[in-house]
Amino acid sequence: MRWKGRQQSRHVEDRRGQAMTSGRGRRAGSGMLNILLMGFLRASPKTRIIMVVVAAIAFLFFRGPLLEILGFSSGGSVPVQQTQTGAAPNDEMEAYLSTMMGDNERIWPPLLQRFDIPYRPCQMVIYTGRTQTPGGIADARSGPFYSPGDETIYIDPTFFDELKQRFGATGDFAEAYVVAHEYAHHIQNLMGRLDELHKLRGRLPTAEYNKRSVRVELHADFLAGMFAKTADSTFGSFLESGDIEEAMRCAAAIGDDRIQSQFGSGRIKPESFTHGTSEQRAKWFKLGFSTGDLRVGEKLYTAAYEDL
Ligand SMILES: [Zn+2]
């Protein structure tokens, strides 16, 4: 696919190379501060004066390390990014992901406007290793995901290497598909679909809830197909031959049945599917691409499960 030279998104934060703030470090630090405060309050007036003088001198000479011990520095027990591990690489991956985000930001507002769905942009955090999200800590096992709490896509680009090595899904359009699928979850959030699903959690038996979750995931694949179709007609030279096949292979490669047979016990358990089978994912992506019509996707929510 062609991507260079288009407008990049301003909603991308690159956290690669950044050490994660350590909760343990912070707690230990404030504990130390409490002990010092208690000591100060219990001391005699004379000792208090000596403590203040010693603290002032210590602060003058050892400001940095002291703040860290007391828990005031953002790094806690882990070194702070700027001084120790260096800034995030401003590389082709960031440019590519920012362009994909920019593409989604241009495609979706007019499509949603037709149905009176208010649009607001989604954020993206690029990270490696571990990073803090509203729902807890994300790491390499998380895979790319959308967090409705802060309307942010979290993505560790090493996932793309895994796509290639483990699933044989190659090509930059496979990566565009992954971003489009995650952005689609943001669109579903704006449409109220994620709220609907969230409310059913815990109310429905797990197998039934998983079936609803499959619909939401297939709908995201449908929206990703719509994005590809609209981007191609909007940007003129977006898709190259073979791109759609790349996305379809990728959609097929990360279907639940494939993932389960590669990573699980080898036995495929349809009741635990939360993303749909490879065949279903490719089918709905293709339907989004061929129709480009938001209303067609609504069929997913009313169709019989067998027809998905
Ligand atoms: Zn998804």
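All figures in this text were calculated on a predicted structure; none of them were measured in a lab. (Residues numbered from 1 in each chain as written. Predicted model: local features only at pLDDT ≥ 70, side-chain atom pairs only at ≥ 80, totals over all residues. Heavy atoms only, no water.)

Asker: Teacher, can you tell me more about the nonpolar core here?
Answerer: Side chains of nonpolar character tend, in soluble globular proteins, to be buried together. Ranked by internal contacts, the top residues of the largest apolar core, which has 62 residues, are Trp-108, Met-124, Phe-173 and Phe-285. If we skip the residues at most four places from it in the chain, Phe-285 touches Phe-173, Tyr-177, Asp-221, Phe-222, Ala-224, Gly-225, Ala-228, Ile-244, Ala-247 and Met-248. (Core = buried A, V, L, I, M, F, W, Y, C linked by side-chain atoms within 4.5 Å. Buried < 20%, exposed > 50% of the residue type's maximum accessible area, 1.4 Å probe, protein only. Contact = heavy atoms within 4.5 Å.)

Asker: Explanation requested: the coordination of the zinc ion in the structure shown.
Answerer: Ideal values for angles at a metal depend on the geometry: 109.5 degrees with four tetrahedral donors, 90 or 180 degrees with six octahedral donors. At this site the zinc ion is bound by His-181 (NE2), His-185 (NE2) and Glu-217 (OE), with donor distances of 2.0 to 2.1 Å. In primary sequence terms, the donor set of the zinc ion follows H-x3-H-x31-E. Taken together, the residues span a long stretch of sequence, with His-181 in helix α6 (residues 172-191) and Glu-217 in helix α8 (residues 206-235) at a distance of 36 residues. This pair shows no difference in class: His-181 is buried, exactly as Glu-217 is. (Donors = N, O, S within 2.8 Å, 3.2 Å for Na, K, Ca; no water. Helix = DSSP H or I, 4+ residues; strand = E, 2+ residues; numbered from the N terminus.)

Asker: How should I be thinking about the pairing of strand β6 (residues 152-155) in this particular structure?
Answerer: Each regular strand shows side chains that alternate between the opposite faces of the sheet. Every second residue of β6 is oriented toward a common face, with Thr-152 and Tyr-154 on one face and Ile-153 and Ile-155 on the other, all of them buried. Both strand β5 (residues 145-147) and β6 contribute to a ladder of three bridges, which runs antiparallel. Bridge pairing in β6 links Phe-145 to Tyr-154. (Pairing = 2+ DSSP bridges.)

Asker: Help me understand the side chain of His-11 in this model?
Answerer: Note on placement: His-11 falls in the segment before β1 (12-14). For His-11, a relative accessible area of 18% translates into the label buried.

Asker: Got a minute to help me understand the pattern of salt bridges in this structure?
Answerer: Evaluation of the coordinates by the stated rule reveals twelve salt bridges. When the shortest N-O distance is used, the salt bridge between Glu-151 and Arg-120 registers 2.7 Å. Of this pair, Glu-151 sits in the loop between β5 and β6 while Arg-120 sits in the loop between α4 (92-113) and β2 (123-126), placing them 31 residues apart in sequence. Look at Glu-151 and you get buried, because its relative accessible area is 17%. Between Asp-221 and Arg-281 there is a salt bridge whose closest N-O contact spans 2.7 Å. On the criterion of sequence distance, the pair formed by Asp-221 in helix α8 and Arg-281 in helix α11 (residues 278-291) is long-range, its members being 60 residues apart. The pair Asp-221 / Arg-281 is uniform in exposure class, with both members buried. Bridged by salt links that share partners, the residues Asp-14, Arg-16 and Asp-91 form one connected network. (Salt bridge = Lys/Arg side-chain N within 4 Å of Asp/Glu carboxyl O.)

Purely spatial values, then, with no claim about function.
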